[in-house]
Amino acid sequence: MDKESINQSTIDIFCEKKDLEKSCLDNAINKVPWLQKFKLVEDKSQESPDFILERNNKVIGIEHFHIDMLYLDKKKHTGLGRYTYNDIKNLFKKYNFKAVNNTFELQDAKDASIKLKNIINELINGQNSFNYNTFIREWGRIFNKHYDRRYEYRKNANVYKLGFLIEIRRYFKLPYVCNKKNSKIIVNSKSIPITKDIATYLNKIGDGVDFIIIVIKGLLDDYVCVEFFDENNSVKAKFDSFEFKKIPGKIQIDVK
């Protein structure tokens, strides 16, 4: 397992879908030396798999997918991260336009602060109500959807190796509370705790999927953690499940 932390820019918030995927790929390439030997075939229309890298007439395919940690609607698979990005984008566009045109007034500042406060408090509520079973069910649903298409991805791009690039967004820099054999362990980590459930999915390497890269990115800050798994780096479960340490109170923003 190769685990590294590097800085990124919160400019991700203002990127479109394919640019977000490319940003995640760049993070992976920066920290996986083997990938650095290959050249990305630039094609924004490339799908299934999302990215093609080439070297000496050998091609590898990388399929990117995002797994959220928090969900607004457990039945409709509504990830909170996606909505947060959209809310922040809309907030920026509305008030940045006024600022650029010198029409930003005190009432605008008050209105913007209320909307920002609501966005952050929604994240706090979501993280405080984190449900491991919901998270791992969504992990399985999303992972299996791509895993079931692995041979289709290989055939589409005629690759000799296929990898999954899994992007996960963390929300706040608070420790995990991990469960192991009826004991609770506080874990300060920028990565994600490897539970038995997660290890089961990651250990599917070898049957059509040659490697898996997990990229943990901050939603509202500038950290990135990259983990690389292949047949030479088997995944070992350390915990049964996890939750987040609760965030006390709500954020308040007062503009006078």
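This section reports on the structure supplied with the text. (Residues numbered from 1 in each chain as written. Predicted model: local features only at pLDDT ≥ 70, side-chain atom pairs only at ≥ 80, totals over all residues. Heavy atoms only, no water.)

## A short note on the overall build of the protein
Put simply, the rule reads: By the criteria applied, helices consist of DSSP H or I runs no shorter than four residues and strands consist of E runs no shorter than two, each listed in order from the N terminus. Type-normalised accessible area, obtained with a 1.4 Å probe on protein chains alone, sets the label of each residue: buried when under 20%, exposed when over 50%, and partly exposed for intermediate values. Whether two residues are in contact is decided by their heavy atoms: any pair within 4.5 Å suffices. Shrake-Rupley sampling with a 1.4 Å probe provides the accessible areas, and residues are treated as covered by the protein chains on show and by no other component.
Assigned secondary structure in the protein consists of 6 helices and 12 strands. Sorting the 256 residues of the protein into buried and exposed places 50% on the buried side. A separation of at least 24 residues holds for 73% of the contacts in the protein among residues at least 6 apart in sequence. Working note: accessible area of the protein is about 13600 Å², and carbon and sulfur atoms make up 48% of it.

## Quick word on the pairing of strand E7 (residues 161–170)
For a regular strand, side chains alternate in direction, first toward one face of the sheet and then toward the other. Under the convention used in this document: Strand pairing is assigned whenever DSSP identifies at least 2 bridges connecting the two strands.
Of all 10 residues in E7, 9 are buried; the element is thus mostly enclosed. As paired strands, strand E4 (residues 58–66) and E7 are joined by 7 bridges and run parallel to one another. Each bridged residue has a counterpart across the sheet, and for Ile-60 the counterpart in E7 is Lys-161. Here E7 runs beside strand E10 (residues 211–218); their pairing, made up of 8 bridges, is parallel. Within E10, the position partnered with Ile-166 by the bridge is Ile-214.

## So, the nonpolar core
What counts here: By nonpolar core we mean a set of buried residues, namely Ala, Val, Leu, Ile, Met, Phe, Trp, Tyr and Cys, connected to one another through side-chain atoms within 4.5 Å.
Of all hydrophobic cores here, the largest spans 51 residues; its most connected members are Met-69, Phe-135, Trp-139, Phe-164, Ile-166, Ile-192 and Phe-242. Looking at this core element by element, the count peaks at 7 residues for helix H4 (residues 132–147). In this structure, Ile-192 is in contact with Met-69, Phe-135, Trp-139, Ile-168, Tyr-176, Ile-198, Ile-216, Glu-227 and Phe-242, ignoring residues within four places of it in sequence. The next biggest cluster of nonpolar side chains, apart from the first, holds 19 residues, and it includes Leu-35, Leu-40, Phe-51 and Val-215.

## Examining the pattern of salt bridges
Should the charged atoms of two oppositely charged side chains come close, the side chains can pair. For clarity, the cut-off: A side-chain nitrogen of Lys or Arg and a carboxyl oxygen of Asp or Glu constitute a salt bridge if their distance falls within 4 Å.
For the structure shown, the criterion picks out 12 salt bridges. Across the pair Lys-18 and Asp-50 runs a salt bridge, and its minimum N-O distance is 4.0 Å. Taken together, the residues span a long stretch of sequence, with Lys-18 in helix H1 (residues 17–31) and Asp-50 in the loop between strand E2 (39–40) and strand E3 (51–55) at a distance of 32 residues. For the pair shown, Lys-18 and Asp-50 are each scored as buried. Taking the shortest distance from any N to any O, the salt bridge between Asp-108 and Lys-98 comes out at 2.9 Å. Remark: Lys-98 occurs in helix H2 (residues 80–100) and Asp-108 occurs in helix H3 (residues 106–128); sequence separation between them is 10 residues. Asp-108 sits in the buried class, given a relative accessible area of 8%. Judged by its relative accessible area of 25%, Lys-98 falls in the partly exposed class.

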